[in-house]
Amino acid sequence: MEQSMGQDSVPAHGSFDKSRVLNVKPLRSLVPLFPSTSNAAPSSNVQGGAPFVSVSPSGPFPPGISPFYPFFFSPESQRLSEQNLQTPAGVAAVPINSFRTPTPRGRSNRGFTEEDGYSNSQQVNFDATETDTEEGGRLRSRKKKGKGRLGSGSDVDVDAVANDILKSINPVVFDVLNQPDGSKDAVSYTLLIYEVLRRKITQIEDLKEGNPGVARRPDLRAGTIMLSKGVRTNSKKRIGAAPGVEVGDIFFFRMELCIVGLHSPSMAGIDYLGIKFSQEEEPLAVSIVSSGGYEDNAEDGDVLIYSGQGGAKGASDQKLERGNLALEKSLHRGNEVRVIRGLRDIATPGGKIYVYDGLYKIQDSWVDKAKTGFNVFKYKLVRLPGQPEAYTTWKSILQWSEKSTSRVGTILPDLTSGAEKLPVCLVNDVDNEKGPAYFTYSPTLKNLKPTNPLDPSAGCNCVGGCLPGNYNCSCIQKNGGHLPYAPNGVLLDLKSVIYECGPSCQCPPNCRNRITQGGLKFRLEVFKTKNKGWGLRSWDPIRAGAFICEYAGEVIDNARMEELGGENEDDYIFDSTRIYQQLEIFPSETEAPKIPYPLYITARNDGNVARFMNHSCSPNVFWRPVVRENKGASDLHIAFHAVRHIPPMTELTYDYGIVLPLKAGQRKKKCLCGSAKCRDYFC
DNA sequence: AGTTTTCAGCGGTAT
DNA sequence: ACCGCTGAAAACTAG
């Protein structure tokens, strides 16, 4: 049964209403910094040349390319936004044509030179004419494909689109990627670009029905394109940590490990330095992926018994060669080996998740007999001390799932009192505070006033659900001709407004165009942070683009909004009119966000988990306006999605944005996000 | 749940 | 240039 979408569901059943939690003043990350005065110029707040710009995620993309996340921007638009730093709202839009302007050679190439000595065939060339190496590669892969995939012209589409996407990346990004050593930014950019490519390819493939039986692998296609164009980081194989990849980082595809330089083989479990490349006399192991495919076992979280490779699926003895030899040599050498743990994730259907578990050393090796009776090499790896928790966090969560009592610091097992499909627990393991201030848990928007339809229609008629390629679907039309979500529900592209199906549509609740209407999909918890009051995090891994929650609360009008400034300040306001700093590299656009109309929500008295999300200048969550058709009018909601893959127990944060100009009496808050790109305050 | 099918990087070896 | 190996991943089959 579908969860009530009513406007005012406030579950308060039983004699004790647990949704009213103890009365303690919430802190969030709000510490008043300085009273707003007219000359409190934020000059010192713009660090690292990152301007506050008004960002519209819909931007000058060529036809057929819908931008995915707001981190692509043409050099032209970037220049404009810098020029218009002081008046972000008045920036002129970049004409679509300007996108097509050929990037000057020197510019587009400057990110990739031969200085790493590795990129012989990796010089970036996004021009329509392909390089020799690229041509060769494509011919070769065609040949390998043989009879498959005949006549589908999909390669042309994909390559053209991929080139257009890569061309639209800010050259500054390539400067970062081109550093011989990786960095957090480089890893982040690489993965974001990969997501864009992969999803775009998914979308293209999604459109053409047919070709059943042909394994479409957008993950591999995207990876290949990036590797061939040199859009990657840590391309030099090395022993020890891969700079920019942090212990605990999660990945959903083997190709992701590859492009960030964590583990280069696309399939094999052991990565090693061969004799040729290293100056060494012997091969040395660099990293392993432990996926449980062999008869491995782990004594505890810090010890791993890893099986060697080969042996023809257990039908013959393994030999001391390749990866096995490298592991043996590394045992004697005592060098560090990166370990990636592959896990089966229940939430990800049929999917695996890879957790970077940090550096290990090989302590022992022996020959074992497999069940089939053949020889298997075994290696005992021990985790180096002093590294952040990673794999053990997953094991802890598994334990909590089995019996909730084993979790220390639990205040409430479910602060929603059943209002959500999944419980949201309340935890404090840092001090004695018993919970945030009173509020009523409400998963939906109250006081929602459907307003003038943006694009009048009676809703769609897709009785069986909206499907890609159905151009008769009015909802698909409003989204520019395709569904905004992938089959697994992640947001595929980032228009300024997402048009979902609504009450007026004929499609069922499980329609793929109703992703934000199904309630929580991840087990979230509200927890006490060390210095920012209460915060929000997830027990489950969250993939980039996944829907997390909407901003619930009471919709208020502009007049009421004015009252809430100054003395009566409301720390639980969502204000769609704020100005947002570009996310990381983001931003693209120069026109203001095209939200249909200003939306103000207060979650002080009524709200959902979103009210606990703290601000960060380097957030891992972003929001999009969602419009749903409702009896000839439009409902507007705010949906939060993951910017990138978010490991379990990582705090969820979004950019609160800033108010320009500050209202009378309104104060700026000292930002405690601690990110390297912190702009010191927010509103 | 198992099986089948097509994947793509990279070390090693042969040109 | 090729060969061959490989703890992938999706789709399909069977139960």
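Residues numbered from 1 in each chain as written. Chains lettered and ligands numbered in written order. Predicted model: local features only at pLDDT ≥ 70, side-chain atom pairs only at ≥ 80, totals over all residues. Heavy atoms only, no water.

1. Describing the overall build of chain A
Right, so step 1: If you tally the helices and strands in chain A, you get 13 helices and 26 strands.
Right, so step 2: For chain A, the residues scored as buried account for 56% of the 683 residues in total. (Helix = DSSP H or I, 4+ residues; strand = E, 2+ residues; numbered from the N terminus. Buried < 20%, exposed > 50% of the residue type's maximum accessible area, 1.4 Å probe, protein only.)

2. Re the confidence of the model for chain A
Right, so step 1: Chain-level statistics for chain A give a pLDDT mean of 75 and a share of 69% at 70 or above.
Right, so step 2: Across residues 210–215, confidence stays below pLDDT 50; counting only partners more than four residues off in sequence or on other chains, it has four contacts. (pLDDT = per-residue confidence, 0-100. Contact = heavy atoms within 4.5 Å.)

3. Examining the environment of G545
Right, so step 1: Its location among the elements puts G545 in the loop between strand 15 (534–538) and strand 16 (547–550).
Right, so step 2: For G545, a relative accessible area of 0% puts it in the buried group.
Right, so step 3: Along the sequence, G545 and F640 sit 95 residues apart, while their C-alpha atoms lie 9.1 Å from each other.

4. Observations regarding the state of the cysteines
Right, so step 1: One pass over the structure, following the stated rule, counts zero disulfides.
Right, so step 2: Left without a disulfide partner, C617 is nearest to the cysteine sulfur of C671, which lies 3.8 Å away. (Disulfide = S-S within 2.5 Å.)

5. Overview of the side chain of R537
Right, so step 1: Mapped onto the secondary structure, R537 falls in strand 15.
Right, so step 2: A polar contact is formed between the side chain of R537 and the side chain of E525, at a distance of 2.6 Å.
Right, so step 3: Ignoring any residue separated from it by four or fewer positions in sequence, one finds R537 in contact with R407, D429, R523, L524, E525, F527, M649, T650, E651 and L652. (Polar contact = N/O pair within 3.5 Å; in protein donor to acceptor, adjacent residues only side chain to side chain.)

6. Side note on helix 11 (residues 391–402)
Right, so step 1: Taking 1.5 Å per residue as the helical rise, helix 11 with its twelve residues ought to reach 16 Å, and the 17 Å between its terminal C-alpha atoms agrees with that figure.
Right, so step 2: Taken as a whole, helix 11 has its buried residues at Y391, T393, W394, I397 and W400.
Right, so step 3: On the buried face of helix 11, the contacting elements are strand 2 (250–251), strand 6 (336–344) and strand 7 (352–369). (Expected span 1.5 Å × (residues − 1).)

7. Things to note about the sheet that holds strand 18 (residues 573–575)
Hydrogen bonds between backbone groups are what pair the strands of a sheet, and the pairing can be parallel or antiparallel.
Right, so step 1: In spatial order, the strands read 12-17-19-18; together these four strands make up an open sheet with mixed pairing. Both outer strands of the open sheet, strand 12 (445–446) and strand 18, are each paired with one neighbouring strand and no more.
Right, so step 2: As judged from the two bridges shared by strand 12 and strand 17 (residues 553–556), these two strands associate in the parallel manner. Opposite K446, over in strand 17, you have E554 as the bridge partner. (Pairing = 2+ DSSP bridges.)

8. Points about the pattern of salt bridges
Right, so step 1: Using the criterion set out here, one finds 24 salt bridges in the structure.
Right, so step 2: As a salt-bridge pair, K677 and D185 come within 3.2 Å of each other at their nearest N and O atoms. Of this pair, K677 sits in the loop between strand 25 (667–670) and strand 26 (681–682) while D185 sits in helix 7 (residues 184–207), and the two are 492 residues apart along the sequence.
Right, so step 3: What makes D185 partly exposed here is its relative accessible area of 25%. (Salt bridge = Lys/Arg side-chain N within 4 Å of Asp/Glu carboxyl O.)

9. A look at the environment of S496
Right, so step 1: On the secondary structure map, S496 appears in the loop between helix 12 (474–478) and strand 13 (498–500).
Right, so step 2: Through-space distance from the C-alpha of S496 to that of D429 is 39 Å; in sequence the pair is 67 residues apart.

10. Notes on the packing of aromatic side chains
Right, so step 1: Scanning all chains against the criterion turns up ten aromatic pairs.
Right, so step 2: Plain terms: the ring middles of F439 and F612 are 5.5 Å apart, the flat faces sit at 75° to each other, and that makes the pair edge-to-face. Here the residue F439 occupies a position in the loop between strand 10 (425–427) and strand 11 (440–441), and F612 occupies one in the loop between strand 20 (606–607) and strand 21 (614–615), the gap between them amounting to 173 residues.
Right, so step 3: On the basis of relative accessible area, F439 is assigned to the buried category, the value being 2%.
Right, so step 4: The exposure class assigned to F612 is buried, which follows from its relative accessible area of 3%.
Right, so step 5: Look at F574 and W623: their rings are 5.0 Å apart centre to centre, the planes differ by 85°, and that puts the pair in the edge-to-face class. Residue F574 is found in strand 18, and its partner W623 is found in strand 22 (residues 621–630); the two are separated by 49 residues along the sequence.
Right, so step 6: Judged by relative accessible area, F574 falls into the buried class, the value being 1%. (Phe/Tyr/Trp six-rings, centres within 6.5 Å; stacked < 30°, edge-to-face > 60°.)

11. Here we look at the pairing of strand 8 (residues 375–383)
As a general feature of sheets, a regular strand has side chains that alternate between the two faces.
Right, so step 1: Bridge analysis of strand 5 (residues 303–307) against strand 8 gives five bridges, and the strand direction is antiparallel. Its bridge partner being in strand 8, V303 is matched across the sheet by V382.
Right, so step 2: Here strand 7 runs beside strand 8; their pairing, made up of nine bridges, is antiparallel. Counted as the bridge partner of D364 is K380 from strand 8.

12. Comments concerning the sheet that holds strand 14 (residues 524–528)
Right, so step 1: Pairing in this open sheet of four strands is mixed, and the strands run 9-10-14-15 from one edge to the other. Each end of this open sheet is capped by a strand with a single partner; those strands are strand 9 (410–412) and strand 15. In this sheet, neighbouring strand axes are inclined to one another by 35° on average, regardless of whether the strands run parallel or antiparallel.
Right, so step 2: When strand 10 meets strand 14, the two strands line up parallel, connected through three bridges. Paired with C425 across the two strands is E525, which belongs to strand 14. (Axes fitted to C-alpha atoms, helices over the stretch in contact; angles between N-to-C directions.)

13. Some thoughts on the nonpolar core
Right, so step 1: Of all hydrophobic cores here, the largest spans 54 residues; its most connected members are L524, Y551, M613, I638, F640, L652 and Y654.
Right, so step 2: Broken down by element, the residue count for this core peaks at four residues, all from strand 23 (residues 633–642).
Right, so step 3: Formed by 48 residues, the second largest nonpolar core is a distinct cluster that contains L197, I225, L262 and Y391. (Core = buried A, V, L, I, M, F, W, Y, C linked by side-chain atoms within 4.5 Å.)

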